Amino acid sequence: MNIFGAMYDKTMQWSKHRFAVFWLSFVSFIEAIFFPVPPDVMLIPMSMSKPKSAFRFALYTAVASVVGGMIGYAIGYYAFDWVQGYIQQWGYQAAWEQAIAWFKEWGILVVFVAGFSPIPYKVFTICAGVMQMAFIPFVITAFVSRFARFILVAKLAAWGGEKFAAKLRKSIEIIGWSVVALAVIAYIILK
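Model, not experiment: these values are computed from the prediction.

Rules used in this analysis
Residues numbered from 1 in each chain as written. Predicted model: local features only at pLDDT ≥ 70, side-chain atom pairs only at ≥ 80, totals over all residues. Heavy atoms only, no water. Phe/Tyr/Trp six-rings, centres within 6.5 Å; stacked < 30°, edge-to-face > 60°. Helix = DSSP H or I, 4+ residues; strand = E, 2+ residues; numbered from the N terminus. Buried < 20%, exposed > 50% of the residue type's maximum accessible area, 1.4 Å probe, protein only. Lys NZ or Arg CZ within 6 Å of the ring centre and 35° of its normal.

**Q** Go over the packing of aromatic side chains, please, and point to the residues and values.
**A** Within this structure, the stated rule accounts for twelve aromatic pairs. Ring centres 6.0 Å apart and planes at 15 degrees place the aromatic pair Tyr73 and Tyr77 in the stacked group. Pair noted here: Tyr73 and Tyr77 are both in helix 4 (residues 54-78), with a separation of four residues, about one helical turn. Residue Tyr73 is classed as buried on the basis of its relative accessible area, which comes to 8%. Tyr77 gets classed as partly exposed once you look at its relative accessible area, which sits at 37%. Both rings, one in Phe103 and one in Phe124, keep their centres 6.3 Å apart while their planes meet at 45 degrees; by these two values the pair is tilted. With Phe103 in helix 6 (residues 93-106) and Phe124 in helix 8 (residues 121-130), the pair connects residues that are 21 residues apart, well separated along the chain. Of the residues examined, Phe103 reaches a relative accessible area of 5% and is grouped as buried. The exposure class assigned to Phe124 is buried, which follows from its relative accessible area of 2%. Through a chain of ring-to-ring contacts, three or more aromatic side chains come together here, namely Tyr73, Tyr77, Tyr78, Phe135 and Phe138. Residue placement shows Arg146 over the ring face of Tyr121; its charged tip is 3.8 Å from the ring centre.

Laid out in structure tokens, this is it:
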């Protein structure tokens with residue numbers, strides 16, 4: 001089945017669309033609140049197709065992520081009782097409990113590490129609000145962390161450029177099915 005190649009081609013096509021920057025920013029914004037897909041899915045192909053704009057793409061992604069993070073913080077601060085059911089329903093309970101433990105032990109440093117963590121960023125933004133972290137340090141730390149991550153991703157993608165995109169396209173089915181297999185194995189083991 002050749003599904004990952006078609007998805008890759010469509011993503012590369014979207015990355016060159018005239019509204020790509022808007023959609024990149026929008027995905028980054030909502031990912032920090034509730035959306036399960038990270039903005040890297042758009043940031044990487046956009047940076048590969050327009051390497052000279054990689055820094056700008058990373059900046060937009062970081063700013064939108066931090067603004068979304070502020071909304072996530074507000075949700076945690078003011079409406080956690082309402083959100084608590086969704087955390088369990090969406091399968092984030094284990095990540096939530098881990099984030100709470102980290103916040104209790106490390107405080108604001110957790111926000112910095114969260115920018116690079118495989119645990120969904122939204123867990124940390126909402127958790128920061130629940131823990132009533134100081135807002136300004138939260139915003140500054142979130143921006144530094146998210147911008148550092150996105151600039152790293154964007155610059156690596158830009159460095160590879162179109163040549164890397166072509167090589168990646170040749171291996172995308174193997175990569176895609178390998179990730180699916182690893183996810184299934186991880187699910188079975190962790191279940």
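**Q** Please provide a residue-by-residue account of the environment of Trp102, values included.
**A** With respect to the helices and strands, the residue Trp102 is situated in helix 6. According to the relative accessible area criterion, Trp102 is partly exposed, its value standing at 29%. Sequence separation between Trp102 and Phe124 is 22 residues; the distance between their C-alpha atoms is 9.9 Å.

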